[in-house]
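Fold and contact review
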Amino acid sequence: MPQLRQAAQERSLLSLLFHTKFAWTALGLENTRATIELSDANTERTISASWQGESMSMARHVIALLKSHLEGDDKEFLSVAMQAAAHEARLGHIAVAQQLRDLIDEAKRRGSAVQKRPGQLLVLEPRGELANLLSVQIPGTRLSDMALPDCLAERLKRILIEQRQQKQLRAHGLGPRRKLLFTGPPGSGKTMTASAIAGELHLPLFTIMLEGLITKFMGETAAKLRLVFDAMRQTQGVYLFDEFDAIGARRNQLNDVGEIRRVLNSFLQLLEKDTSHSLIVGATNHPDLLDRALFRRFDDVIEYSLPEVKVAEQILTRKLVAFQIADLDWSRILPEVEGLSQAELARASEESAKHAVLNGTTRITTEALLAALHERRATSR
Ligand SMILES: Nc1ncnc2c1ncn2[C@@H]1O[C@H](COP(=O)(O)OP(=O)(O)OP(=O)(O)O)[C@@H](O)[C@H]1O
Ligand SMILES: [Mg+2]
């Protein structure tokens with residue numbers, strides 16, 4: 001490979017490591033030859049390069065960079081990049097060396113884009129255009145943090161079991177449940193469930209606010225959705241499409257019909273074609289506004305409702321686990337929980353706990369909890 005072409009290739013590869021939306025797809029290191037391949041799922045562009053003989057040392061640097069990048073070792077990453085810059089300088093490639101140092105300075109200024117999460121896996125913060133479309137979280141929530149009626153708990157456990165044993169399923173040509181639609185009133189646990197599934201499976205939770213996305217990118221929404229579906233293939237995670245009814249809610253408003261139709265049709269196609277290993281969760285308070293065609297595309301449609309008394313009691317007691325609640329008079333409290341959402345009950349527990357702490361005690365009184373429940377009910381009206 002002519003020297004000049006190779007230097008240009010190295011430069012573009014190294015700059016990609018800093019600005020990359022690219023994922024490496026192949027990496028090879030033999031005695032006399034090293035190869036690397038990067039691909040960008042958005043444009044389906046692939047860049048590859050190979051090194052032989054003297055330039056193997058640069059290849060080793062690139063490989064060390066990728067390894068430290070994947071391991072989330074930012075210090076090592078920048079240290080290898082510095083070594084690569086020094087190596088280039090020794091070879092007399094002053095401009096390349098300078099460019100590398102500039103990139104390193106920029107990377108240090110911006111801070112790390114790599115987040116560590118429990119379980120040693122790595123998540124890349126969405127960059128570039130994706131950063132405007134979704135937000136990422138590494139939830140610590142577990143299913144056991146939720147108070148659930150038995151039938152709902154069983155359905156959620158089944159999702160986790162199928163995910164955890166997907167290898168066995170796939171070996172028989174079967175796929176785990178991973179396209180889920182959550183419907184139900186505000187504060188009934190839809191978002192919390194998406195967090196708990198991500199937490200249980202050690203996956204990042206990516207949230208896409210559909211209503212906002214459609215308003216912000218009028219006319220371009222379908223293209224933006226495609227980017228999100230591309231990201232699903234690149235980074236395994238739980239992708240929560242919140243305000244999911246935005247896809248159907250506006251279909252009756254004449255001026256928006258064309259756009260929403262297009263978005264709905266693209267979403268249906270993308271959802272159908274998606275073969276990633278990510279979980280896709282739609283969440284809505286208004287299932288009645290959804291196009292019926294959407295329901296069929298999901299593996300599970302899970303309905304949430306306001307809690308029964310037993311579950312309500314569990315929410316209150318779990319939230320107050322660190323407090324003294326032995327002398328609470330449940331015969332007075334439980335009649336007051338009806339009609340309150342899971343979120344409102346959680347808030348009422350917190351309020352009564354705060355009240356206790358501010359009074360210098362850890363004992364929750366029936367009166368304080370009742371007052372908090374009444375206040376919640378008044379504000380929820
Ligand atoms: N099953 C549950 N067990 C315990 N707490 C719960 C449960 N469901 C909800 N909560 C509490 O309510 C809060 C709000 O729930 P969440 O955000 O999941 O509601 P949502 O259904 O997504 O509401 P919205 O439709 O408004 O987005 C949670 O952060 C949690 O404190
Ligand atoms: Mg929610």
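Everything below is about the structure printed above this text.
Here is a short report on the structure shown in this document. Chains are numbered independently. Their residues run from 1 in the order of the written sequence. Each chain is given a letter, starting from A, and each ligand a number, starting from 1, according to the order in which they appear as written. Only residues with pLDDT of at least 70 are given local features in this predicted model, and only at 80 or more are side-chain atom pairs given and counted; all residues enter the totals for whole chains, interfaces and linings.

What follows is about the pairing of strand 10 (residues 279–284). Residues with at least 20 neighbouring C-beta atoms inside 10 Å of their own are called buried, those with 12 or fewer are called exposed, and the rest are partly exposed, where every C-beta is derived from the backbone. Here a helix means four or more residues in a row that DSSP labels H or I, a strand means two or more in a row labelled E, and each is numbered from the N terminus. The buried fraction of strand 10 is high, at 6 of 6 residues. Paired strands, as defined in this entry, are two strands with at least two bridges between them according to DSSP. Alignment of strand 7 (residues 179–183) against strand 10, held across 5 bridges, turns out to be parallel. For Thr-183, the partnering residue across the bridge sits in strand 10 and is Thr-284. Sheet topology note: the strand 9 (residues 238–242)/strand 10 ladder contains 4 bridges and is parallel. Within strand 10, the residue paired with Val-238 across the bridge is Leu-279.

Another point: the site of ligand 1. The rule is simple: place the C-beta atom from the backbone, and if it lies within 6 Å of a molecule or strand, the residue is near it. Taken together, 16 residues lie around ligand 1, and Gly-189, Thr-191, Met-192, Gln-342 and Ala-343 are the ones closest in. Of all elements in the fold, only helix 7 (190–201) and helix 15 (342–358) reach the threshold of two or more residues within the shell around ligand 1.

Unusually for a residue other than glycine, His-202 sits at a positive phi of about 55°. Note that His-202 resides in the loop between helix 7 and strand 8 (205–209). You can call His-202 partly exposed: it has 13 C-beta atoms within 10 Å. Its identity as a non-glycine residue notwithstanding, Glu-243 has a phi of 55°, on the positive side. Among the structural elements, Glu-243 can be located in the loop between strand 9 and helix 10 (246–249). Owing to 19 C-beta atoms within 10 Å, Glu-243 belongs among the partly exposed residues under this scheme.

For the rest of this paragraph, the subject is the nonpolar core. Connectivity within a nonpolar core runs through C-beta atoms within 7 Å, and the core itself is a set of buried Ala, Val, Leu, Ile, Met, Phe, Trp, Tyr and Cys residues. In terms of nonpolar packing, the biggest core is built from 59 residues, with Ile-208, Val-228, Val-238, Tyr-239, Leu-240 and Val-281 touching the most fellow members. Two domains each provide a minimum of three residues to this core, namely domain 2 (129–303) and domain 3 (309–380). Whether two residues are in contact is decided by their C-beta atoms, placed from the backbone, lying within 7 Å. Residues contacting Val-238, with those up to four places away along its chain left out, are Ala-194, Ile-197, Ala-198, Leu-203, Leu-205, Leu-279 and Val-281. In this structure, Met-58, Leu-65, Phe-77 and Leu-100 belong to the second largest nonpolar core, which totals 11 residues. Boundary definitions for the domains trace back to an automatic or database domain assignment.

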